[in-house]
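# Observations on chain architecture
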Amino acid sequence: MYTTLGYGGTAVIAQNNFTVDVFTTEFGLPSNYIQSCTVDSVGYLWLATKKGISKYDGYNFNNNNQLRGDVLSLYNANNQLFYYYNNNTGLNELNPYNKKINSIAATKFTDSDPTNDHYNNIFKDSWGNIWCCDFAHVKYFQPTTKSFKSFTLNDFNVSTDRLATILQPNKNEVWIASLFGLKIWTKQNDTLTLFPDNSINKRNFSTAAIVGNDSVIAASGNQFYLINTVSKKNIQTYTLPSNDAIVSITCMYNNGIKNILIATQQKVFILNANNSKPSIIYIGNDNDGIINSIYCAPNSHYIWVCTTQGLVKLTAPSNAIKTFAIPNTVQGENAVKQVIKIASNNYCILTTVGELYLSDLYTSFKKIALPTQANFISWTGNQLLIGTNNGLLVFDGSYVKPMNAVSNTIAIKKILITKKYVWLLLKDAPPLVLNNPTFSIAQTVTVQNNNIFGKDNIWNDIIEDDEAQIFLAGWMPSNYGLAQFNFTNNSFEPIARRTNKEAMFIGDYFNRIAKSKKYHLLFSGYGGFNMINEKGIATKIVSVDHYKIINDHVEGIAELNDGKIWFGTEEGIQVWNPATDQLFALTTQIGLPSNTAIYAFDVIDTNSLAVGFNKKVSIINTDKIFERTLQEKLVLASLKVNDSLVDVFDNTITLNPSQRNLQFSFSALNFSDTKKIHYQYAINNGAWQNLDHIPTLTFSNFKPGTYNIAVRVSDNLDMWQNKQLLLTIIAKPKFIETIWFIILLAAIGIAIGWALFKFRLNQLRRINQFRANISQDLHDDVGATLSSINILSTMLSESTTLADKPKTYVQKINTDVQQLQLKLDEIIWSLKKEENSIQQIFNKLINYGTYIFDAKNINFTHQLPNDAATIFVPNQHKRSIYLLVKEALNNIAKHSQAQHAALLFTHTNKQLSIVIKDDGKGINQANIDKRNGIKGMHQRATEIGAQVFIDSSSKGTTITLQIKL
């Protein structure tokens, strides 16, 4: 099986259903030249490139800025320590998590010692010795003595980075597989000895790898040797199907099965227990560069291919889904319609164009010649019944022959084999019943429904339940498409009305039927599926209205041994788990060849389901499909604070007040298709929030405090792994956000308030004293003077000897002085804050009204509420109320020609109402808004937030002033 993929402009070929992804600098790699890679104990993939070391978390490549040179060798010591070599700095120890680098040995090109120029192919043995090699020697560094010991492999320099591969297959020995033979070093002798097997010990070995507890594979040219580390003998020799030299070997375990992976410069091969010869799984072309090495992490099904043109990821096919292609004999669609397992590794396959095959699914597809198009097949145990458009055929394994008891003029849609009968579901006719096993027309059971039952209705499936009752599924124009056979009157009867609630049905069109241990029968159709009990009553509905069914066209349906119900739609397969009431979707993301799963849907084993697609059939292991793909890993891959990457060494992150923009990146370190992994987060035990496929959380503009963030991850089947990522964010407040700042601010506020209070209090005292002084001065000086003038003018006006004209002047002086005294008295009164009660205002207005109305002979009445002495108004309100009412009283005296006037004060619900009434001639409505006095009233009312209402007619005027207290 071949799959060709175009990715990043690079065409590659994967075989045996391996898929290929290629990563280059476009995806964040510092260089396309990848020397080697390894996975650390956390789960990150580390890569040695021509521009330093890069860390890959399945989403992003994070490059170590400290290491920018050509890293020629990288060794993972499995304790969060790496050893690496580059030409610039020599041999170094690196802790990538705290970014500490310790130099072990620098490169020295200027002296005459040939052993200190290169440190390739690094390896660390169980005694702590760090091994490596140059162009002519293999050597180790002893940490306690801080010195090297070298062993010469040849007398002349070979300019290669691949002089030897160093490994430790057992606790006592270090093996060196070099271009100059296979050598063994022991700590006891501290020397190199030639490998004892003379058949291989002097070969030019390009690479080697440990592949088991007692097994090593060493490669020379296009051959590789399986060597037993105990007997120290070559057990078996393998030869690649090409002459390409082997450059790298590694091991991959898939479901407990060991696979040996072998790489040449452009190809990758696989060898497992099922194959005696290596088979190719990857071929690069000329544009894909040269393979430097291959790597597979323990318990992983990803193969990493390090090349000179990028990093290649090979993904092994799913063990849960195996897809096989049928012969491509027709153009256009030819989907697999039915799959029947008739023996171990022997299947009958029927397609939608009526082709019939016998096959083992792997290598053999034998087409059975048929005289007409087949619609359905059924296995009796020793022969195959074939329903066609022209009657019933029988295949005995060698020949196909017609069943003469059945007319060749009828079209058979489905075949149901029961213990006593064979039921044929016909097109445009009622079902036909045959005896089993004679296949003669049954006489005791004959369907009595007329032809209308077959022509007017559409019947799609037929089944026998565990109580030997026969059911039909389809469509009826006047009823729901459900029917049961009544053996008493030999006829099919609609059963939908046995269910009381019409809402229990998914719709009126049903497609297929399957048995269920829990629900008796399952009827699929448009809209979902129904459960029907032994009495023909709908007991449950799983529909698009109540569940997240990905497509309303539901065809094949089956209940597997574990109780889960599988069904196929036009948008993929779904699985309903009755125990949890959850739905899972299976699509092309998990390995289906297509999402159109409306053809074959046949249970072929207790845990195997055959699903048909266009020109393909997939065998799904229904147990393995739900195995967890996540590995209980979830890490904080990176953290940006204010758009800058920061190092994180703990899950508790403390932030300064200026650090309020965070971006977290997570990873499950699964390295699968990122669309298959879903993330959610919760803050302070709140509700889970979806991140979908994007493992990035932006957290910004948050208040000071402690935030507990939980992150969880699931696969595309919504299976959440147990391990969660727990982060604690401690956001320190600014000083202005602390309680101390609030206390300080409160203290300052209190101090300022107290100072302002004292200042205002003193100011008010000075103002009151000033007012009192003015009042006293006006009263004492101006008042006394005016009183004196008034007395003298009165005496003069009463003198009989005074001439008439001067007497008139004196009277005018007397009147003006009296009015001036009155106004002066008002000014003094308005300045006195202690006279702000309603009663005091009222008394002042009564005095004034009595004064002016007596001169006009107007009867003046007035009324005041009992609590007037306890109601006070602000000083400004007092003056405005007085002047407004005074203006109204003046208008009555001057213009109304009234006989009566009244002043009424009322107080209700914190509102003061003042009413001034007269029975005069009223105010001309045309001029009411033009008079200055009325304008003044409105202005004064507005100043104190009051309202003035004027109601005037020929019978008098009423002015109402309303004030909120």
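Residues numbered from 1 in each chain as written. Predicted model: local features only at pLDDT ≥ 70, side-chain atom pairs only at ≥ 80, totals over all residues. Heavy atoms only, no water.

A few words on the overall build of the protein. Counting its secondary structure elements, the protein contains six helices and 71 strands. Looking at the protein as a whole, 50% of its 965 residues qualify as buried. Partitioning the intrachain contacts of the protein with sequence separation of at least 6 by distance along the chain shows that 49% fall at a separation of at least 24. In the form shown here, the protein has an accessible surface area of approximately 46,900 Å², with 49% of it arising from carbon and sulfur atoms. (Helix = DSSP H or I, 4+ residues; strand = E, 2+ residues; numbered from the N terminus. Buried < 20%, exposed > 50% of the residue type's maximum accessible area, 1.4 Å probe, protein only. Contact = heavy atoms within 4.5 Å. Areas by Shrake-Rupley, 256 points an atom, 1.4 Å probe, with all protein chains shown as cover.)

With that settled, consider the layout of surface pockets. Roughly 1,600 Å³ of volume is contained in the second largest pocket. In this structure, the second largest pocket is lined by 44 residues; those nearest its centre are Tyr75, Ala208, Ile249, Thr250 and Tyr295. Where the lining of the second largest pocket is concerned, the elements lending two or more residues are β4 (34-39), β8 (71-76), β12 (120-124), β16 (164-170), β20 (207-212), β24 (246-254) and β28 (291-295). Take the lining of the second largest pocket: its biggest share by element is six residues, from β24. Partitioning the lining of the second largest pocket into residue classes produces 24 nonpolar, 17 polar and three charged. (1 Å grid on protein atoms, 1.4 Å probe; cavity = no way out; pocket = protein on both sides within 12 Å on 5 of 7 lines; lining within 4 Å. Points joined across faces, edges and corners; volume = space filled by probe spheres on them. Nonpolar A, V, L, I, M, F, W, Y, C, P; charged D, E, K, R; others polar.)

This part takes up the sheet that holds strand β40 (residues 412-417). Spatial strand order, β40-β41-β42: three strands in an open sheet with antiparallel pairing. The sheet terminates laterally at β40 and β42 (432-435), the two strands that pair on one side only. The average angle at which neighbouring strand axes cross in this sheet is 20°, direction not considered. Here strand β41 (residues 421-426) runs beside β42; their pairing, made up of four bridges, is antiparallel. Counted as the bridge partner of Tyr421 is Asn435 from β42. (Pairing = 2+ DSSP bridges. Axes fitted to C-alpha atoms, helices over the stretch in contact; angles between N-to-C directions.)

Bringing the confidence of the model for the protein into the picture now. Confidence along the protein averages 88 in pLDDT terms, with 89% of residues attaining 70 or more. Note on residues 1-15: pLDDT under 50 across the span, and 37 contacts to partners over four residues away in sequence or across chains. (pLDDT = per-residue confidence, 0-100.)

This part is about the UniProt feature "transmembrane region" (unreviewed entry) in the protein. In the numbering used here, UniProt assigns the feature "transmembrane region" (unreviewed entry) to residues 739-757. Along residues 739-757 one finds 100% helix and 0% strand; the C-alpha atoms at either end are 26 Å apart. (UniProt positions renumbered as here; feature names shortened; annotations may be inferred.)

Attention shifts here to the environment of Asp919. With respect to the helices, strands and loops of the structure, Asp919 is situated in the loop between β69 (911-918) and α6 (932-943). When the C-alpha positions of Asp919 and His900 are compared, they lie 5.9 Å apart, and in sequence the two are 19 residues distant. Discounting chain neighbours no more than four positions away, the residues touching Asp919 are Ala898, Gln899, His900, Lys955 and Gly956. Polar side-chain contacts of Asp919 include one of 2.9 Å to the backbone nitrogen of Gln899. Only 2.9 Å separates the side chain of Asp919 from the backbone nitrogen of His900, close enough to count as a polar contact. (Polar contact = N/O pair within 3.5 Å; in protein donor to acceptor, adjacent residues only side chain to side chain.)

Taken in spatial order, the four strands make up an open sheet running β3-β30-β29-β28, and their pairing is antiparallel. The open sheet terminates on both sides in strands that have one partner only, identified here as β3 (19-23) and β28. Going from strand to strand, the sheet's axes swing by 20° on average, the running direction of each strand aside.

All told, the structure shown has 49 aromatic pairs when counted by the stated rule. Consider the rings of Tyr56 and Trp304, whose centres lie 6.2 Å apart with planes at 85°: the pair is edge-to-face. One end of the pair, Tyr56, is in strand β6 (residues 52-56); the other, Trp304, is in strand β29 (residues 302-307), with 248 residues separating them in the sequence. Residue classification places Tyr56 among the buried residues on the basis of a relative accessible area of 5%. With centroids separated by 5.0 Å and ring planes inclined at 75°, the aromatic side chains of Trp131 and Trp185 adopt a geometry described as edge-to-face. In this pair, Trp131 sits in strand β13 (residues 130-133) while Trp185 sits in strand β18 (residues 181-186), placing the two residues 54 residues apart along the sequence. Connected via pairs of aromatic rings, a cluster forms that spans Phe23, Phe27, Tyr56, Phe61, Trp304 and Phe671. Against the face of Trp720 rests Arg712, its NZ or CZ located 4.2 Å from the ring centre. (Phe/Tyr/Trp six-rings, centres within 6.5 Å; stacked < 30°, edge-to-face > 60°. Lys NZ or Arg CZ within 6 Å of the ring centre and 35° of its normal.)

For the rest of this paragraph, the subject is the pairing of strand β44 (residues 470-475). β44 sits mainly inside the fold: five of its six residues count as buried. Counted along the chain from strand β43 (residues 458-464) to the antiparallel partner β44, the turn is five residues long, and its residue Ala468 has a positive phi close to 65°. Relative to strand β45 (residues 482-486), β44 is paired through three bridges, and the arrangement is antiparallel. Looking at β45, one finds that Ala473 is bridged to Leu482.

What follows is about the environment of Ile321. Inspection of the secondary structure puts Ile321 in strand β31 (residues 321-325). Among the residues examined, Ile321 registers a relative accessible area of 7% and is labelled buried. For the pair Ile321 and Ile625, spaced 304 residues apart in sequence, the C-alpha to C-alpha distance is 7.6 Å. Setting aside residues no more than four positions away along its own chain, Ile321 makes contact with Ile590, Gly591, Leu592, Ser618, Ile619, Ile620 and Ile625.

Below, the discussion takes up the environment of Ala637. By the secondary structure assignment, Ala637 is in strand β58 (residues 635-641). The exposure class of Ala637 is buried, given its relative accessible area of 9%. Separated by 593 residues in sequence, Ala637 and Tyr44 have C-alpha atoms that sit 9.2 Å apart. In this structure Ala637 touches Tyr44, Lys55, Asp57, Asn62, Ser665, Phe666 and Ser667, once residues within four positions along its chain are discounted.

Further remarks concern helix α5 (residues 875-896). Compared with the 32 Å implied by 1.5 Å per residue over 22 residues, the 31 Å span of α5 between its first and last C-alpha is a close match. α5 sits mainly inside the fold: 17 of its 22 residues count as buried. Positioned one or two residues after α5, Gln897 has a phi angle of 55°, which is positive. (Expected span 1.5 Å × (residues − 1).)

Quick look at helix α4 (residues 838-855) now. Between its terminal C-alpha atoms α4 stretches 26 Å, which fits the 26 Å expected from 18 residues at 1.5 Å a residue. For α4, the full list of buried residues reads Ile838, Ile841, Phe842, Lys844, Leu845, Ile846, Tyr848, Gly849, Ile852 and Phe853. One or two positions beyond α4, positive phi appears at Asn857, with a value near 55°.

Right, let's talk about a nonpolar patch on the surface for a bit. Judged by side-chain polarity, Phe735, Ile736, Ile739, Trp740, Ile742, Ile743, Leu744, Ile748, Ile752 and Leu756 come together as a nonpolar surface patch covering roughly 1,000 Å² of accessible area. On the basis of relative accessibility, which here comes to 53%, the residue Ile736 falls in the exposed class. (Patch = residues over 30% accessible without salt bridge, like charges linked within 9 Å, V, L, I, M, F, W, Y side chains within 5 Å. Salt bridge = Lys/Arg side-chain N within 4 Å of Asp/Glu carboxyl O.)

This part covers the pattern of salt bridges. Going through the model one piece at a time under the given rule, you end up with 13 salt bridges. A salt bridge links Asp70 to Lys50, with the nearest nitrogen and oxygen atoms 3.1 Å apart. Of this pair, Asp70 sits in the loop between β7 (61-63) and β8 while Lys50 sits in the loop between β5 (45-49) and β6, and the two are 20 residues apart along the sequence. Take Lys50: its relative accessible area is 37%, and that puts it in the partly exposed class. Of the charged contacts, one joins Asp647 and Lys99 as a salt bridge, the two residues approaching to 3.1 Å between their closest N and O atoms.

Here we take up unusual backbone geometry. Following Asn436, the chain continues to Pro437 via a peptide bond in cis, the omega torsion being 20°. Position of Pro437 relative to the elements: it lies in the loop between β42 and α1 (451-455). Even without a glycine there, the phi angle at Lys99 is positive, about 60°. Residue placement: Lys99 occurs in the loop between β10 (90-95) and β11 (100-105). The phi dihedral of Phe439 is positive, around 65°, even though this residue is not glycine. One can find Phe439 in the loop between β42 and α1. You can call Phe439 buried: its relative accessible area is 6%.

The next point concerns the state of the cysteines. Evaluation of the coordinates by the stated rule reveals zero disulfides. With no disulfide of its own, Cys37 lies closest to Cys306 among cysteine sulfurs, the gap being 3.5 Å. Assessed through its relative accessible area of 8%, Cys37 is described here as buried. Unpaired in this structure, Cys251 has its nearest cysteine sulfur neighbour in Cys296, at a distance of 8.3 Å. (Disulfide = S-S within 2.5 Å.)

So, about the side chain of Ser31. Turning to its location among the elements, Ser31 is positioned in the loop between β3 and β4. Ser31 gets classed as buried once you look at its relative accessible area, which sits at 9%. For Ser31, the side chain forms a polar contact with the main-chain nitrogen of Tyr33, separated by 3.1 Å. The residues touching Ser31, leaving out its near neighbours within four places in the chain, are Thr25, Thr49, Lys50 and Lys51.

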